Amino acid sequence: MTVVLGPNRYGKAETRLVRVTRDGGVHHLKDLNVSTALSGDMEDAHLTGDNSAVLPTDTQKNTVYAFARRHGVDQIEEFALLLARHHVGSQPSIRHARVEIEEYSWDRITPAGDPGDRRHSFVRSGAGVRTCVVHHDADGRTTVVSGLADLTVMNTTGSEFHGFARDEYTTLAPATDRILATAVTARWRHASPDPPPGGSYAESHAEVRRCLLEAFAQTHSLSLQQTLYAMGRRALETRPEICEVRLALPNRHHFPVDLEPFGLDNPGEVFYAADRPYGLIEGAVLSEGAPGAGFAWD
């Protein structure tokens, strides 16, 4: 039997970076989780243990910190592009770089009636996690995927689920008015690796996020699948700089509690929030004529 080495990559996962920009008395905070992965002409490291083509993962970690000081950190997509292009150009053995970044949001604390200066005080935001994944290779091909995660949303009405297939194991009752709750994970592919025309990655991210939330709120849902498509479609029709949206929507089930044993009715007011098991709805929505994804989703 012949054995060969398959696709492989290596890198430094989850380098935690906090960058404070001190603008006089006003401080600005960036809180990131950076993961890098490199691949290329490094077969000998696997086959013979020859590490001469391997840039240490510790070096990749150090590069994150050095670039944060040297270049600053503004938009995570731009910082990821900077790292990816650097690594591909730094060693002849490196043919491809993948950089993934999570950004955790902090809001400035401004106490009412406090005469002190609190322009350096922050509270962690619950507005979800901003994400991006950038790929760059030695042939100059580049892809940018932006996204968000852990964005918890809920509609307390305007959701139904009925008319579904049944078999001998089906016990679920049809619902014509239910709570619809989910924790959104959304990723969207940019049609070009260049910053969005006439704007910035920050503006683009904020507007895509707005589209997703508005579609969730404004769609009378007959299924979470229908809501997923409406969310992706709204973002694509509104933001021409993106060409594909992928969504993962876990159905955070809320079940009405039976209060009859206590002599009480329950007109859709008291619910049990179940954390598991849960339905998981996933799907992609694309613009017609979207360019090929290449390695964007890898």
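Going by what an unreviewed UniProt entry lists, the protein is known as Uricase and is assigned to Planomonospora parontospora. Reading the Function (unreviewed entry) entry of the UniProt record for the protein gives the comment "Catalyzes the oxidation of uric acid to 5-hydroxyisourate, which is further processed to form (S)-allantoin."

Student: Quick rundown of the overall build of the protein? Include the residues and the values.
Tutor: Scanning the protein from N- to C-terminus turns up five helices and 10 strands. Overall, the C-alpha framework of the protein stretches about 75 × 75 × 40 Å when taken along its three principal axes. Scored against the burial criterion, the 298 residues of the protein give a buried share of 41%. Of the contacts made within the protein by residues no fewer than 6 positions apart, 65% connect residues no fewer than 24 positions apart. Each charge sign in the protein was given a centre, from 30 positive and 39 negative side chains, and these centres are 6 Å apart.

Student: Give me the UniProt feature "binding site: 5-hydroxyisourate" (unreviewed entry) in the protein: which residues, what numbers.
Tutor: Look at the UniProt record and you will see "binding site: 5-hydroxyisourate" (unreviewed entry) annotated at Thr57, Phe161, Arg178, Gln225 and Asn251. In terms of the greatest pairwise C-alpha distance, the residues named above, spread along 195 residues, do not form a single cluster, extending to 48.9 Å across. Relative to the elements of secondary structure, Thr57 occurs in helix 2 (residues 57–71). Those residues in contact with Thr57, other than ones at most four positions away along the chain, are Tyr10, Gly11 and Lys12. Counting through the fold element by element, Gln225 comes out in helix 5 (residues 224–238).

Student: Could you give me a rundown of the environment of Gly24, with the residues and numbers involved?
Tutor: Inspection of the secondary structure assignment puts Gly24 in the loop between strand 1 (10–23) and strand 2 (26–40). Once the C-alpha coordinates of Gly24 and Arg119 are considered, the two residues, 95 residues apart in sequence, prove to be 10.0 Å apart.

Basis of the calculations
Residues numbered from 1 in each chain as written. Predicted model: local features only at pLDDT ≥ 70, side-chain atom pairs only at ≥ 80, totals over all residues. Heavy atoms only, no water. UniProt positions renumbered as here; feature names shortened; annotations may be inferred. Helix = DSSP H or I, 4+ residues; strand = E, 2+ residues; numbered from the N terminus. Buried < 20%, exposed > 50% of the residue type's maximum accessible area, 1.4 Å probe, protein only. Contact = heavy atoms within 4.5 Å. Lys, Arg positive; Asp, Glu negative; His and termini not counted. Charge placed at Lys NZ, Arg CZ, Asp CG, Glu CD.

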